[in-house]
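# Commentary on secondary and tertiary structure
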Amino acid sequence: MLVLVAPGQGAQTPGFLTEWLDLPGVRGALEAWSDAAGIDLIRYGTEADAEEIRDTAVAQPLLVAAGLASAQLLFDDPADLSGKVGAVAGHSVGEITAASLAGVLPHEEALRLVRTRGLAMAEAAAVTETGMAALLGGDPAVTVPHLEKLGLTPANINGAGQIVAAGTKEQIAALEADKPEGVRRVVALKVAGAFHTHHMAPAVDTLAKAAEALAPGDPKLPYVSNKDGQAVAGGTEVLERLVGQVANPVRWDLCMETFKGLGVTALIELCPGGTLTGLAKRALPGVKTLALKSPADLDAARELIAEQSA
């Protein structure tokens, strides 16, 4: 059983879309999605520097577009997913990629929604200087109370020994000076705010208003939600969860538990892949994993899809 996953913010790197533009349909799709979102995705994906694409309002539509474009190269017809993919999920903003691939939102609507999301979260992040940091190692039973003692939120509980804390810059600095027992390293993330915390509450209101104009379809295959790792069958509920997750923790650990319960045997991470496959290798032993980092990975991904569909 194959699971298709989409990465979240921080996965982008300067020029990461350059090699993809020469492939059939990619440039045209990115041009259409740029028009829909009101942002030059091609320029940001090929010419912009690290600081430009760190901007939340840029990074989020860029990541969703990259995920959708790479999926189109794997599946000629989006309807193919229901016969070849057992479930879809995305980490944080990757949930919008996954929802669109599941048929909840057309790609153009997904790009408009994610552009609204990115702008709203960037505006919320500008109110207070905040950030996020990954904690490597440690026991969640020890780490989470320690974070709460420092006023931090465990914004991403990723499984495989990784938790991401979010809060003010001062709280992050206090964490670096006072690591929880068992945590080996605290690594600051290249994001512009404390996402998936109460600091994002204003963005939830903005996104909720944008969502009122949408008519979501029901997922055509199991869609696994970051909220609690549950598969959601109704399009309206998927959209409601997408809105609420902006200010709530990402439970990727529970998503992986659901993959396990569904009988996952293989996992492909869409462009720009790497982070989620790394977590899967540690949390889902025996599951074949493949990350789409460049077009050179497409043939191996197609072979894995064919093998899992046989």
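The structure we're discussing is the one just above.
In short, a report on the structure.

The rules behind the values
- Residues numbered from 1 in each chain as written.
- Predicted model: local features only at pLDDT ≥ 70, side-chain atom pairs only at ≥ 80, totals over all residues.
- Heavy atoms only, no water.
- Helix = DSSP H or I, 4+ residues; strand = E, 2+ residues; numbered from the N terminus.
- Buried < 20%, exposed > 50% of the residue type's maximum accessible area, 1.4 Å probe, protein only.
- Contact = heavy atoms within 4.5 Å.
- Axes fitted to C-alpha atoms, helices over the stretch in contact; angles between N-to-C directions.
- Parallel < 35°, antiparallel > 145°, perpendicular 65-115°, else oblique.
- Left-handed = near helix turned anticlockwise from the far one by under 90°.
- Nonpolar A, V, L, I, M, F, W, Y, C, P; charged D, E, K, R; others polar.
- Phe/Tyr/Trp six-rings, centres within 6.5 Å; stacked < 30°, edge-to-face > 60°.
- Lys NZ or Arg CZ within 6 Å of the ring centre and 35° of its normal.
- 1 Å grid on protein atoms, 1.4 Å probe; cavity = no way out; pocket = protein on both sides within 12 Å on 5 of 7 lines; lining within 4 Å.
- Points joined across faces, edges and corners; volume = space filled by probe spheres on them.
- Domains from an automatic or database assignment.
- Core = buried A, V, L, I, M, F, W, Y, C linked by side-chain atoms within 4.5 Å.
- Polar contact = N/O pair within 3.5 Å; in protein donor to acceptor, adjacent residues only side chain to side chain.

## Overview of the environment of Ala 233
Locating Ala 233 in the fold gives a position in the loop between strand E8 (231-232) and helix H11 (235-244). Exposure remark for Ala 233: the relative accessible area of 61% places this residue in the exposed category. In contact with Ala 233, not counting residues within four places along its chain, are Asp 218 and Pro 219.

## Describing the environment of Gly 167
Assignment of secondary structure puts Gly 167 in strand E5 (residues 162-168). Taking the C-alpha atoms as reference, Gly 167 lies 19 Å from Leu 119; in sequence the two are 48 residues apart.

## Some words on the packing of helix H6 (residues 94-101) against helix H7 (residues 107-125)
One way to put it is that H6 packs onto H7 with a least axis distance of 9 Å and a crossing angle of 165 degrees. Considered as vectors, H6 and H7 are oriented roughly antiparallel to each other. Once H6 is placed against H7, the crossing between them reads as right-handed. Note on element contacts: H7 touches H6 through His 107, Ala 110, Leu 113, Val 114 and Arg 117, opposite Ile 96, Ser 100 and Leu 101. Taken together, the residues that form the contact of H6 with H7 break down as five nonpolar, two polar and one charged.

## Brief notes about the packing of aromatic side chains
Within the structure shown, the criterion is met by one aromatic pair. Note on Trp 252 and Phe 259: the rings are 5.8 Å apart at their centroids and 80 degrees apart in plane angle, and the pair reads as edge-to-face. The pair Trp 252 / Phe 259 is uniform in exposure class, with both members buried. The ring of Tyr 44 has Arg 43 lying over it, and the distance from NZ or CZ to the ring centre is 4.5 Å.

## Brief notes about the layout of surface pockets
Any space left empty among the atoms is revealed by the rolling of a water-sized probe across them. Approximately 670 Å³ is the volume found for the largest pocket. Broken down by secondary-structure element, the contributors of at least two residues to the lining of the largest pocket are helix H3 (50-54), strand E3 (130-137), strand E4 (153-159), E5, strand E6 (183-188) and helix H13 (275-283). In terms of residues, the lining of the largest pocket owes the most to one element, H3, which gives four residues. Residues belonging to the lining of the largest pocket are distributed by class as follows: 16 nonpolar, 12 polar and three charged. A domain-level breakdown of the lining of the largest pocket finds at least three residues from each of domain 1 (2-125 + 197-309) and domain 2 (129-189).

## Considering the nonpolar core
Ranked by size, the top nonpolar core spans 83 residues in total, and within it Leu 4, Trp 33, Leu 74, Leu 111, Ile 268 and Leu 292 carry the most contacts. Split by domain, the residues of this core number at least three in each of domain 1 (2-125 + 197-309) and domain 2 (129-189). Ignoring sequence-local partners within four residues, the contact set of Trp 33 consists of Leu 41, Ala 65, Leu 68, Ala 69, Gln 72, His 107, Glu 108 and Leu 111. Of all hydrophobic cores here, the second largest spans 17 residues; its members include Val 224, Val 264, Leu 284 and Val 287.

## Some thoughts on the side chain of Arg 115
Structurally, the position occupied by Arg 115 is in helix H7. Side-chain polar atoms of Arg 115 contact the backbone oxygen of Ala 57, separated by 2.8 Å. The contact partners of Arg 115, leaving out residues within four places of it in the chain, are Ala 37, Gly 38, Ile 39, Ala 57, Val 58 and Pro 61.

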